[in-house]
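So you can see what is in the structure, the chains are spelled out below.
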Amino acid sequence: MSKWTDIRDSIEQAVSGTQIDEQVKQAVTQKCYDVVLPSLQKLGDGFVASVKAQSVDESGWCKVRDAIVLPALIEGGLWLVEMVLKKTIEKTTVAA
């Protein structure tokens, strides 16, 4: 099975219980940070590199979109997700 299928199955198994305790929430958050986020960052980096390369051939609004807007949205969104997950992990690990 693929890594994604293993992750999905482990999350489904953990969530299928009647009550989700703090340990399960922390485990899911940690998996998102350790496994899902790096994959998203790799995808985002490839997308941003492709769009920036294509911006050379664009003009007007399309050039701004490809050179600045889309890369900023992707990189900013991924940075925000990483920061939120990291802060959440730090706070819940200390609290537990």
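Refer to the structure presented above.
The sections below set out a description of the structure shown in this document. (Residues numbered from 1 in each chain as written. Predicted model: local features only at pLDDT ≥ 70, side-chain atom pairs only at ≥ 80, totals over all residues. Heavy atoms only, no water.)

### As for the overall build of the protein chain
Right, so step 1: For the protein chain, the count of helices and strands is 3 helices and 0 strands.
Right, so step 2: For 96 residues, the compact-globule estimate of 2.2 N^0.38 gives 12 Å, and the C-alpha radius of gyration of the protein chain, at 18 Å, exceeds that figure by more than 25%.
Right, so step 3: Once the C-alpha set of the protein chain is aligned to its principal axes, its extents read approximately 55 × 35 × 20 Å.
Right, so step 4: Taking all 96 residues of the protein chain together, 14% fall into the buried category.
Right, so step 5: Considering only residue pairs separated by 6 or more positions, the protein chain has 59% of its internal contacts joining residues 24 or more positions apart.
Right, so step 6: As presented, the protein chain carries roughly 7100 Å² of accessible surface, and 62% of it is formed by carbon and sulfur atoms.
Right, so step 7: Averaging the coordinates of the 11 positive side-chain charges in the protein chain and doing the same for the 13 negative ones gives two points 3 Å apart. (Helix = DSSP H or I, 4+ residues; strand = E, 2+ residues; numbered from the N terminus. Rg over C-alpha atoms; globule rule 2.2 N^0.38 Å. Buried < 20%, exposed > 50% of the residue type's maximum accessible area, 1.4 Å probe, protein only. Contact = heavy atoms within 4.5 Å. Areas by Shrake-Rupley, 256 points an atom, 1.4 Å probe, with all protein chains shown as cover. Lys, Arg positive; Asp, Glu negative; His and termini not counted. Charge placed at Lys NZ, Arg CZ, Asp CG, Glu CD.)

### With respect to the side chain of serine 55
Right, so step 1: Residue placement: serine 55 occurs in helix H2 (residues 22-55).
Right, so step 2: Contacts of serine 55, omitting those with residues within four sequence positions, involve Lys63, Asp66 and Ala67.

### Quick word on the pattern of salt bridges
Right, so step 1: Summed over all chains, the structure comprises 4 salt bridges.
Right, so step 2: A salt bridge links aspartate 9 to arginine 8; its shortest N-O distance comes to 3.1 Å.
Right, so step 3: For arginine 8, a relative accessible area of 34% puts it in the partly exposed group.
Right, so step 4: Within the structure, one salt-bridge network assembled from shared partners comprises Arg8, Asp9 and Glu12. (Salt bridge = Lys/Arg side-chain N within 4 Å of Asp/Glu carboxyl O.)

### Points about the environment of cysteine 62
Right, so step 1: Here cysteine 62 is to be found in helix H3 (residues 61-95).
Right, so step 2: Since its relative accessible area comes to 27%, cysteine 62 is described here as partly exposed.
Right, so step 3: Taking C-alpha positions, cysteine 62 is 42 Å from serine 10, a pair spaced 52 residues apart along the chain.

### Side note on the side chain of aspartate 66
Right, so step 1: Checked against the element boundaries, aspartate 66 lands in helix H3.
Right, so step 2: Owing to a relative accessible area of 4%, aspartate 66 belongs among the buried residues under this scheme.

### Here we look at a nonpolar patch on the surface
Right, so step 1: Residues Trp79, Leu80, Met83 and Val84 make up a contiguous nonpolar surface patch of roughly 380 Å² in combined accessible area.
Right, so step 2: Secondary-structure assignment places valine 84 in helix H3. (Patch = residues over 30% accessible without salt bridge, like charges linked within 9 Å, V, L, I, M, F, W, Y side chains within 5 Å.)

### Looking at H2
Right, so step 1: If you check H2, its first and last C-alpha atoms are 46 Å apart, about what 34 residues at 1.5 Å a residue would give, namely 50 Å.
Right, so step 2: Valine 36 marks where H2 bends most, by close to 40°; the proline proline 38 follows one to four residues later.
Right, so step 3: Those residues of H2 not exposed but buried are Thr29, Leu37, Gly44, Val48, Val51 and Ser55. (Expected span 1.5 Å × (residues − 1). Bend = angle between axes of the 7 residues up to and from the residue.)

### Considerations on the environment of valine 81
Right, so step 1: Assignment of secondary structure puts valine 81 in helix H3.
Right, so step 2: The spatial distance from the C-alpha of valine 81 to the C-alpha of alanine 14 is 22 Å, given a sequence separation of 67 residues.

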